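Geometric and topological summary
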Amino acid sequence: MTKKTLVIGASTNPNSYSNVAIQRLVANQHEVIALGKKEGEVSGVKILTSKKIVKDIDTVTLYLNKKNQVEYYDYLVELKPQRVLFNPGAENEELEKLLVKNNIAFERACTLVLLGIGAY
């Protein structure tokens, strides 16, 4: 089953975890939307630099530290994804509480590991 996924913190840097995640999501045939600070492209996925409302997002996977997530709080609530993944280094109790309040599931989990073990 494919899951429409929004990667927040997307980067064209091939050494960044967000870049590797985009590549692996695409390789696993998930529809990917990427949002980052700089325009670019990874595995045929254009990196957007503005928050656009995308319908039917299953998973948002975060590659931003807690401080850089604040500007996305309202956006995440408005998107109403099925779940939000907090990758290592992205943990944020304040955002977790906001997600719970808005009935949005979250996991503290690594996207790459979930894909690797077939549990994405």
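For the structure itself, consult the block above.
First things first, this report covers the structure right here in the doc. Given the structure is predicted, the values throughout are model-derived calculations rather than measurements.

Some remarks on the overall build of the chain
For the chain, the helix and strand inventory stands at five helices and seven strands. The C-alpha radius of gyration of the chain comes to 13 Å, within 12% of the 14 Å expected for a compact globule of 120 residues. For the chain, restricting intrachain contacts to residue pairs at least 6 apart in sequence, the fraction spanning at least 24 positions comes to 56%. Within the structure as shown, the chain displays about 6700 Å² of accessible surface, and the carbon and sulfur contribution to it stands at 48%.

Some details on helix α1 (residues 17–27)
Every buried residue belonging to α1 is among S18, N19, A21, I22 and L25, and all of these are buried. One side of α1 carries all its buried residues, which in axial view fall inside an arc of 160°. Within α1, the exposed residues directed more than 90 degrees away from the buried face are Y17 and A27. Of the surrounding secondary structure, the elements contacted by the buried residues of α1 are β1 (5–8), β2 (32–35), β3 (40–42), β4 (45–48) and α5 (111–116). The positive-phi residue at the C-terminal boundary of α1 is Q29, with phi of around 65°.

Looking at the pattern of salt bridges
Applying the stated rule across the entire model yields five salt bridges. Across the pair E107 and R83 runs a salt bridge whose closest N-O atoms are separated by 3.0 Å. Taken together, the residues E107 in strand β7 (residues 105–108) and R83 in strand β6 (residues 83–86) connect sequence positions 24 residues apart. Close ionic contact of E96 with R108 constitutes a salt bridge, the shortest N to O distance being 2.7 Å. With E96 in helix α4 (residues 93–101) and R108 in strand β7, this pair connects stretches of sequence that are twelve residues apart. According to the relative accessible area criterion, E96 is buried, its value standing at 7%. Within the structure, one salt-bridge network assembled from shared partners comprises K37, K51 and E71.

Some remarks on the environment of A34
Tracing the chain through its elements places A34 in strand β2. On a C-alpha basis, the gap between A34 and L85 in space is 14 Å, while along the polypeptide they are 51 residues apart. Aside from chain neighbours lying at most four places away, what touches A34 is L6, V7, A10, I22, V45, K46, I47 and L48.

The rules behind these values
Residues numbered from 1 in each chain as written. Predicted model: local features only at pLDDT ≥ 70, side-chain atom pairs only at ≥ 80, totals over all residues. Heavy atoms only, no water. Helix = DSSP H or I, 4+ residues; strand = E, 2+ residues; numbered from the N terminus. Rg over C-alpha atoms; globule rule 2.2 N^0.38 Å. Contact = heavy atoms within 4.5 Å. Areas by Shrake-Rupley, 256 points an atom, 1.4 Å probe, with all protein chains shown as cover. Buried < 20%, exposed > 50% of the residue type's maximum accessible area, 1.4 Å probe, protein only. Arc of directions from axis to C-beta. Salt bridge = Lys/Arg side-chain N within 4 Å of Asp/Glu carboxyl O.

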